[in-house]
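The lines below spell out each chain.
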Amino acid sequence: MNEARNDGNGRRLRWLLTSSATSHLGDGIGKVALPLLATTLTRDPVLIAGLSATQFLPWLLFAAVAGALVDRIDRRRAMIAANTARAVAVGALAVMVAAGGMTIWLVYLTALIIGTAETIADSAANALIPAVVGDGSLDAANSKLQACEIVGQTFLGGPVGSLTFALFAAFPFILNSAGFAIAAAVLLGLAGTYRGTAETAVRPAKLRTELADGLRWLRGHPLLRRLVVVAGVLSLVSELAQAQLVLYALQDLHLSDATFGLFAFVGGIGGLAGAGVAPRLVHATGRRAVVVGGIVCCGIGFGGMGLVRSPVAGAALFGLFAAAVVAVNVVLATARHTLVPGELLGRVLGVWRTVVWGAIPLGALLGGVLTEALGTAARTFAVSGVVMLAIAAFAFGALRRFPLGDKSDSAAALTHHDPGL
């Protein structure tokens, strides 16, 4: 019976991973093609950064609401609806690009629509993981989900997005739309219902009350409270530089539109390596060491990118950053899945992403202003790297009393209330 249950869990996880991989492939194509499209309309660093900010602004505005919704409704159906909405929005963008009627503000509007649907799709996918894994390893499942994101968005999506954009500007957006549509269709094969709890389905509380429950639970949990602070600050400082990546590649490294995707491809290799080694690193050194060490490597990667002018060296350092940040994300995802009760997972994840992903648009805008003030995107990368090293020191101090271990750590963390972070 256990073997049959494990087989069923394995099949469900494969359906989820297949859908996630397909949607991330489409997303990766679009996330390279959208900035390239923007650079054909403007080279203003603040407007370029504003595009990145617009893509992630919905996480600041709607992530908590999206988390509460995915605790109320069937999470599989939420993913299908969100991916369908993204397919329609990107398909409309492809038509506009082909017709030659694009402006930077239409690019912004499309990014906002895609980002809003993404809050539902990604929140639901993350909340589904414990249900489809069952008794399996959360570290392994989260590593696979991270690998799907990295392979789709940078390992494959980046090069495809840049190369197809160079051939025909509307081409990558057609592929992007198709990727979202296929991701929605694949989820039809995921059998079962996936609500938070039966009680949530029968007697739904007021949305405001549900949001307050998630926020109250997170604030009362000292370990996750510290982790969300670390993750939020790291997210903001990372985006200072990442929002300027296209300008760094085109202006500081003098790459072409087509080779920009190959530069991102190296980041994909690094991210895939990080997802692959994260469970082994956790086993060998512990989760706290992976978090702190990963942030140190992030700082070295971005700081080094600010100092070099060789495309090869810059790509290698970008790969180091990608590997490190993915390893950190695996640990953070497992901590959430291990410590948060299943019926609260969507709401707590919504609050988490309001903080962490909501910091991205602020970081993007600050990065644009910083690049304009410093003169080059490379200097923004250097500043970001130095600040990341300071974040690593902060994380070491903030997490030193918490083992970040197994479910047995949950009770200790819940009963340990202090006035700290």
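The name given to the protein in an unreviewed UniProt entry is MFS transporter, and the organism recorded there is Amycolatopsis vastitatis. According to the UniProt record, the Subcellular location (unreviewed entry) comment for the protein is "Cell membrane".

*Asks:* So what exactly am I meant to see when it comes to the overall build of the protein here?
*Replies:* Of the regular secondary structure elements, the protein holds 17 helices and zero strands. For the protein, with 421 residues in total, the buried portion stands at 56%. Approximately 16500 Å² of the protein is accessible, and the part contributed by carbon and sulfur atoms is 67%.

*Asks:* I'm lost on the pattern of salt bridges in this one. Help?
*Replies:* Side-chain pairing between opposite charges can occur once the charged atoms of the two side chains come close. All chains considered together, the criterion is met by two salt bridges. Residues K31 and D27 are paired through a salt bridge, measuring 3.4 Å at the closest nitrogen-oxygen approach. A residue pair is termed a helical-turn pair when its members lie 3 or 4 positions apart in one helix, as K31 and D27 do in helix α1 (residues 2-39) at four residues. In this structure, K31 and E118 form a salt bridge, with 3.6 Å as the shortest nitrogen-oxygen distance. With K31 in helix α1 and E118 in helix α4 (residues 104-133), this residue pair connects regions lying 87 residues apart in the sequence. Look at K31 and you get partly exposed, because its relative accessible area is 25%. Looking at E118, the relative accessible area reads 3%, which means it is buried. What you see here is one network of salt bridges that share partners, running through D27, K31 and E118.

*Asks:* Can you walk me through the state of the cysteines in this structure?
*Replies:* Simply put, disulfide is the name for a covalent bond between the sulfur atoms of two cysteines. Counted by the stated rule, this structure contains zero disulfides. Its sulfur unpaired, C297 is 7.3 Å from the next cysteine sulfur, which belongs to C298. Residue C297 is classed as partly exposed on the basis of its relative accessible area, which comes to 29%.

*Asks:* What is the right way to read empty space enclosed by the protein from this model?
*Replies:* Which parts of space are left empty comes out when a probe the size of a water molecule is rolled across the atoms. Throughout the structure, instances matching the rule amount to three cavities of 30 Å³ or more. Considering only enclosed or pocket space, the second largest cavity measures out at about 90 Å³ in volume. Of all the secondary structure elements, the ones that give two or more residues to the lining of the second largest cavity are α1, α2 (45-72) and α4. A breakdown of the residues in the lining of the second largest cavity according to their chemical character gives four nonpolar, four polar and three charged.

How each quantity is defined
- Residues numbered from 1 in each chain as written.
- Predicted model: local features only at pLDDT ≥ 70, side-chain atom pairs only at ≥ 80, totals over all residues.
- Heavy atoms only, no water.
- UniProt positions renumbered as here; feature names shortened; annotations may be inferred.
- Helix = DSSP H or I, 4+ residues; strand = E, 2+ residues; numbered from the N terminus.
- Buried < 20%, exposed > 50% of the residue type's maximum accessible area, 1.4 Å probe, protein only.
- Areas by Shrake-Rupley, 256 points an atom, 1.4 Å probe, with all protein chains shown as cover.
- Salt bridge = Lys/Arg side-chain N within 4 Å of Asp/Glu carboxyl O.
- Disulfide = S-S within 2.5 Å.
- 1 Å grid on protein atoms, 1.4 Å probe; cavity = no way out; pocket = protein on both sides within 12 Å on 5 of 7 lines; lining within 4 Å.
- Points joined across faces, edges and corners; volume = space filled by probe spheres on them.
- Nonpolar A, V, L, I, M, F, W, Y, C, P; charged D, E, K, R; others polar.

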